[in-house]
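Coordinate analysis (summary)
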Amino acid sequence: MKTRFLAAALCLTVVSLAAPRPAPARIPGNGPKLRGALVAQTERLDLYIGKGSFSQAQVADRAAKLERVLRAAEDYFGTTLKHRVSIGFYRVPPKKGVRGMAYTAERRVELYYRAGEDMGRATTIAMHELGHHLEAQRYGEQAQRRADTILHEGMATWIASIRWLDQCGASSWRERAQQLRASGVPLKLRTAERYGADNAYELWASFVDFLARRYGWDALDKLYASGSGRALGSANYRGVLGKSLDELADEWRDWVNG
């Protein structure tokens, strides 16, 4: 199952993660072999580099931090990765503007950055893409394959909160939605992508945060698993939460504006 991430305008503030918990036990063996050179391995990650992206030394130096990013995402989401994932850094994306792809069924991630670009931004995108792998771990590959895009991309962005919110200068997803509203981005879930993929992902993450706070994680887990396809609004909102997506969106806007 592959998912994409388009990141055109993430803020560039450098982020420091909270003190990590002790390293988990190493998952034995190797992750899937990717094109390019294998330059480092951590407890759960194999890191590859292709031509024209970051240097091998940069990626090798970043290995321990990427493992800490994964642990931070696990702690935030309450789900632990059970298999090795290979991450490849490449110069040319499959489509203009794409920065990352998560191939969850194949247990791999690809990131698309040229030499000299910001490794900090790439690390945040890696956290988002690893979030998709954690979604597959928590809900199962089939449930993730049919997940509503609002929840699918919103959840992965929410999982990356620790870095993402810091990079945008916000203390919460409610505040981030307020910032977007103030910048002229409407608080509309179904048409959010008209204002840029990164803005859409942030609005959807805010919606996920609202649902978790208002209705609880048990309900949110059921809602995610109820998706019937990638179409926006495919989850069974009324069957799980007793309200339509539009009614819930109104509640979310009231929460953001309150």
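Refer to the structure printed above.
What comes next is a walk through the structure. Quick caveat: nothing in here was measured; it's all calculated off a predicted structure.

**Observations concerning the overall build of the protein**
- Along the backbone of the protein there are 10 helices and 6 strands.
- Since a compact globule built from 258 residues should have a radius of gyration of about 18 Å, the 18 Å found for the protein is in line with a globular shape.
- The dimensions of the protein, computed from C-alpha atoms along their principal axes, are 50 × 35 × 35 Å.
- For the protein, the proportion of its 258 residues judged to be buried stands at 55%.
- Long-range pairs, those at least 24 residues apart, make up 68% of the contacts in the protein between residues at least 6 apart in sequence.
- Total accessible area computed for the protein in this model is approximately 10700 Å², and 49% of it derives from carbon and sulfur atoms.

**Notes on the pattern of salt bridges**
- One pass over the full model with this rule turns up 16 salt bridges.
- Its salt-bridge partner being Lys 243, residue Glu 251 comes within 2.3 Å of it at the nearest N-O pair.
- For Lys 243, a relative accessible area of 26% gives the class partly exposed.
- Linked by salt bridges that have partners in common, Arg 35, Glu 106, Arg 108 and Glu 110 make up one network.

**Quick notes on the packing of helix H1 (residues 56-77) against helix H2 (residues 119-139)**
- At a closest axis distance of 9 Å, the pairing of H1 and H2 adopts a crossing angle of 45°. As summarised for this structure, H1 and H2 are arranged oblique, according to the angle between their axes. In the packing of H1 onto H2, the handedness of the crossing is right-handed. Across the interface between the two elements, Gln 58, Val 59, Arg 62, Leu 66, Val 69, Leu 70, Ala 72, Ala 73, Glu 74 and Phe 77 from H1 touch Met 119, Gly 120, Thr 123, Ala 126, Met 127, Leu 130, Leu 134, Glu 135, Arg 138 and Tyr 139 from H2.
- Considered class by class, the residues forming the contact of H1 with H2 number 13 nonpolar, 3 polar and 4 charged.

**A look at the side chain of Glu 153**
- Structurally, the position occupied by Glu 153 is in helix H4 (residues 149-159).
- Here Glu 153 is buried and forms no salt bridge, its nearest opposite-charge partner Arg 230 lying at an N-O distance of 6.1 Å.
- Side-chain polar atoms of Glu 153 contact the side chain of His 128, separated by 3.2 Å.

**As for the pairing of strand E2 (residues 37-41)**
- Pairing analysis gives 4 bridges linking E2 to strand E3 (residues 45-49), with the strands arranged antiparallel. Opposite Ala 40, over in E3, you have Leu 47 as the bridge partner.
- Taken together, E2 and the strand that follows it, E3, pair antiparallel across an intervening segment of 3 residues.

**Comments concerning the packing of aromatic side chains**
- One pass over the structure, following the stated rule, counts 12 aromatic pairs.
- Through a chain of ring-to-ring contacts, the aromatic side chains of Tyr 76, Phe 77, Tyr 139, Trp 158, Trp 217 and Tyr 224 assemble into a single cluster.
- The aromatic ring of Tyr 90 is capped on one face by Arg 35, whose charged end is 3.7 Å from the ring centroid.
- Lying over the aromatic face of Tyr 103, Arg 108 brings its terminal NZ or CZ to 3.8 Å of the ring centre.

**Overview of the nonpolar core**
- Leu 47, Ile 87, Phe 207, Leu 211, Tyr 237 and Trp 252 are the most contacted members of the largest nonpolar core, which totals 71 residues.
- Ranked by residue count, the leading element in this core is helix H7 (residues 197-215), at 10 residues.
- Formed by 7 residues, the second largest nonpolar core is a distinct cluster that contains Leu 34, Tyr 90, Met 101 and Tyr 112.

**Thoughts on the environment of Val 69**
- In this fold, Val 69 is placed in helix H1.
- Judged by its relative accessible area of 0%, Val 69 is buried.
- Between the C-alpha atoms of Val 69 and Glu 202, which are 133 residues apart in sequence, the distance is 19 Å.

**Some remarks on the packing of H2 against H4**
- Two elements in contact, H2 and H4, have axes separated by 8 Å at closest approach and are oriented at 115°. Between H2 and H4 lies a crossing of right-handed hand. Within the contact between the two elements, H2 uses Met 127, His 128, Gly 131, His 132, Leu 134, Glu 135 and Tyr 139 and H4 uses Leu 151, His 152, Glu 153, Met 155, Ala 156, Thr 157 and Ile 159.

Thresholds, definitions, all that
- Residues numbered from 1 in each chain as written.
- Predicted model: local features only at pLDDT ≥ 70, side-chain atom pairs only at ≥ 80, totals over all residues.
- Heavy atoms only, no water.
- Helix = DSSP H or I, 4+ residues; strand = E, 2+ residues; numbered from the N terminus.
- Rg over C-alpha atoms; globule rule 2.2 N^0.38 Å.
- Buried < 20%, exposed > 50% of the residue type's maximum accessible area, 1.4 Å probe, protein only.
- Contact = heavy atoms within 4.5 Å.
- Areas by Shrake-Rupley, 256 points an atom, 1.4 Å probe, with all protein chains shown as cover.
- Salt bridge = Lys/Arg side-chain N within 4 Å of Asp/Glu carboxyl O.
- Axes fitted to C-alpha atoms, helices over the stretch in contact; angles between N-to-C directions.
- Parallel < 35°, antiparallel > 145°, perpendicular 65-115°, else oblique.
- Left-handed = near helix turned anticlockwise from the far one by under 90°.
- Nonpolar A, V, L, I, M, F, W, Y, C, P; charged D, E, K, R; others polar.
- Lys, Arg positive; Asp, Glu negative; His and termini not counted.
- Polar contact = N/O pair within 3.5 Å; in protein donor to acceptor, adjacent residues only side chain to side chain.
- Pairing = 2+ DSSP bridges.
- Phe/Tyr/Trp six-rings, centres within 6.5 Å; stacked < 30°, edge-to-face > 60°.
- Lys NZ or Arg CZ within 6 Å of the ring centre and 35° of its normal.
- Core = buried A, V, L, I, M, F, W, Y, C linked by side-chain atoms within 4.5 Å.

In short, the description is geometric, and any link to function would need to be established separately.
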